[in-house]
Amino acid sequence: MELAIFHEHIDSEEEKRSKVSFKITLTSDPRLPYKVYNVNSFLWLRLSVPESTPFTAVLKFAAEEFKVPAATSAIITNDGIGINPAQTAGNVFLKHGSELRIIPRDRVGHC
Amino acid sequence: MGDKPPGFRGSQSWIGCVEASLCLDHFGGPQGRLCHVPRGAGLHGELERLYSHFAGGGGPVMVGGDADAQSKALLGVCLGPGTEAYVLVLDPHCWGAPKNPSELQAAGWVGWQEVSTAFDPHSFYNLCMTSCNSEEQNRALD
């Protein structure tokens, strides 16, 4: 089973030059039964944003689309590198590329 | 590091492996790669990866979760016949200078635990797998 959320917009050539695209995959969905992970099921979305977009906005948008809380979510690369959202989308694209995933933030210890 | 909104410092909000990996990168420490283990999946699906991590010289693996937020670090993994598997778990609250490893084990700070019992099936987990950053080490030696 594969579910995808597409966002299509026809950009002008100038818009295309100044935008970066990401494919963000949701790796943990409490709505999906555990057995679904065994058949490579996943949710993902593709988005395109201006390079100067704060990556916090990308995180927030992705979280809203997947209906998970942005405050308790984080975005990492497909090979597990954490991405500090305090940078531009263009910077993230240059350093890490376009294939990302959103995971829930964990906690360590008790308050 | 700017990853949290104003007011986070000094609050009772929590942090975990994600923030630890960002800190390691920000302060030039060992690399910390994140691995998400979904709720209910258990650690059995990641045992081969953990084995390769430690066999390849990887460092301690920090573990954080949601339903299970008990601090723990993995120092090793032992794969037995069939589905038998154990992880070497360190309680990171340990402090002081023990005289020998047996003292740590006797006090319960470190020990082997069966994978199915060490991890809560109702919790997701994030693992932060640390490994030497050879570039940083080379620079430090200059």
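All residue numbers here refer to positions counted from 1 along the written sequence of the relevant chain. Each chain is given a letter, starting from A, and each ligand a number, starting from 1, according to the order in which they appear as written. For a predicted model such as this one, the threshold for reporting local features is a pLDDT of at least 70, and the threshold for listing and counting side-chain atom pairs is 80 or more; totals across whole chains, interfaces and linings nevertheless cover every residue. Excluding hydrogens and water, the side-chain values take into account all heavy atoms of the structure.

- An unreviewed UniProt entry annotates chain B as UFSP1/2/DUB catalytic domain-containing protein originating from Bos mutus.

- If you check an unreviewed UniProt entry, chain A appears there as Ubiquitin-fold modifier 1 from Bos mutus.
- UniProt positions are given in the numbering used here, feature names are shortened, and annotations may be inferred rather than shown by experiment. UniProt annotates chain A under Sequence similarities (unreviewed entry) with the comment "Belongs to the UFM1 family."
- As its UniProt record puts it under Subunit (unreviewed entry), chain A is described as follows: "Interacts with UBA5. Interacts with UFC1."

1. Examining the overall build of chain B
Right, on to step 1. A helix here means a DSSP run of H or I that spans at least four residues, while a strand means a run of E at least two residues long, and both kinds are numbered starting from the N terminus. In terms of regular secondary structure, chain B is built from five helices and six strands.
Right, on to step 2. Listed by position from the N terminus, the elements making up chain B come as α-β-α-β-β-β-α-β-α-β-α.
Right, on to step 3. With the C-alpha coordinates of chain B rotated into their principal frame, the extents come out at 45 × 40 × 30 Å.
Right, on to step 4. Across the 142 residues of chain B, 37% fall into the buried class.
Right, on to step 5. Within chain B, contacts between residues at least 6 apart in sequence are counted, and of these 62% link residues at least 24 apart.
Right, on to step 6. Carbon and sulfur atoms form 55% of the exposed surface of chain B, whose accessible area is close to 8,100 Å².
Right, on to step 7. In this count, Lys and Arg are taken as positive residues and Asp and Glu as negative ones, while His and the chain termini are left out. In this description, the location of a charge corresponds to atom NZ of lysine, CZ of arginine, CG of aspartate or CD of glutamate. Taking the 8 positively charged and 15 negatively charged side chains of chain B as two groups, their mean positions are separated by 6 Å. Only protein chains enter the accessibility calculation, which uses a 1.4 Å probe; a residue whose area is less than 20% of its type maximum is buried, one above 50% is exposed, and one in between is partly exposed. We call two residues in contact when some of their heavy atoms are within 4.5 Å. To measure how exposed things are, a 1.4 Å probe is used in the Shrake-Rupley method; for residues, cover is taken only from the protein chains shown.

2. Overview of the pattern of salt bridges
Right, on to step 1. We define a salt bridge as a contact between a side-chain nitrogen of Lys or Arg and a carboxyl oxygen of Asp or Glu at a distance within 4 Å. Going through the model one piece at a time under the given rule, you end up with seven salt bridges over all chains.
Right, on to step 2. The partner of Glu64(A) in a salt bridge is Lys60(A), and the shortest N-O contact between them spans 2.9 Å. Here Lys60(A) and Glu64(A) lie together in helix H2 (residues 55-66), a separation of four residues that amounts to about one turn.
Right, on to step 3. For Glu64(A), a relative accessible area of 47% translates into the label partly exposed.
Right, on to step 4. Judged by relative accessible area, which is 47%, Lys60(A) ranks as partly exposed.
Right, on to step 5. The closest approach of N and O atoms between Glu19(B) and Lys4(B), which form a salt bridge, is 2.8 Å. Of this pair, Glu19(B) sits in helix H1 (residues 17-26) while Lys4(B) sits in the segment before H1, and the two are 15 residues apart along the sequence.
Right, on to step 6. Taking relative accessible area as the criterion, Glu19(B) reaches 4% and is therefore assigned buried.

3. Notes on the side chain of Asp3(B)
Right, on to step 1. Mapped onto the elements of the fold, Asp3(B) is located in the segment before H1.
Right, on to step 2. A relative accessible area of 15% places Asp3(B) in the buried class.
Right, on to step 3. A polar contact is formed between the side chain of Asp3(B) and the side chain of Lys4(B), at a distance of 2.8 Å.
Right, on to step 4. Sequence-distant contacts of Asp3(B), that is, excluding residues within four places in its chain, are made with Asn84(A), Pro85(A), Ala86(A), Glu19(B) and Leu22(B). Residues adjacent in sequence count toward polar contacts only when both atoms are side-chain atoms; beyond that, a polar contact is any pair of N or O atoms within 3.5 Å, and within protein one must be able to donate a hydrogen and the other to accept it.

4. Section: the packing of aromatic side chains
Right, on to step 1. Pairing of aromatic rings covers Phe, Tyr and Trp, the last through its six-membered ring, and needs centres within 6.5 Å; plane angles under 30 degrees mean stacked, over 60 mean edge-to-face, and all others mean tilted. Per the stated rule, a full pass over the model turns up three aromatic pairs over all chains.
Right, on to step 2. The interplanar angle of 70° and the centroid separation of 6.2 Å between the aromatic rings of Phe22(A) and Phe93(A) together place this pair among those described as edge-to-face. In this pair, Phe22(A) is assigned in strand E2 (residues 19-26) and Phe93(A) in helix H3 (residues 89-96), connecting sequence segments 71 residues apart.
Right, on to step 3. For Phe93(A), a relative accessible area of 34% gives the class partly exposed.
Right, on to step 4. Where Phe119(B) meets Tyr125(B), the ring centres are 5.0 Å apart and the plane angle is 90°; that geometry is what we call edge-to-face.
Right, on to step 5. Relative accessible area serves as the criterion here: at 6%, Phe119(B) is assigned to the buried category.
Right, on to step 6. According to the relative accessible area criterion, Tyr125(B) is buried, its value standing at 2%.
Right, on to step 7. Ring-pair connections join several aromatic residues into one group, and the members of that group are Phe22(A), Phe55(A) and Phe93(A).

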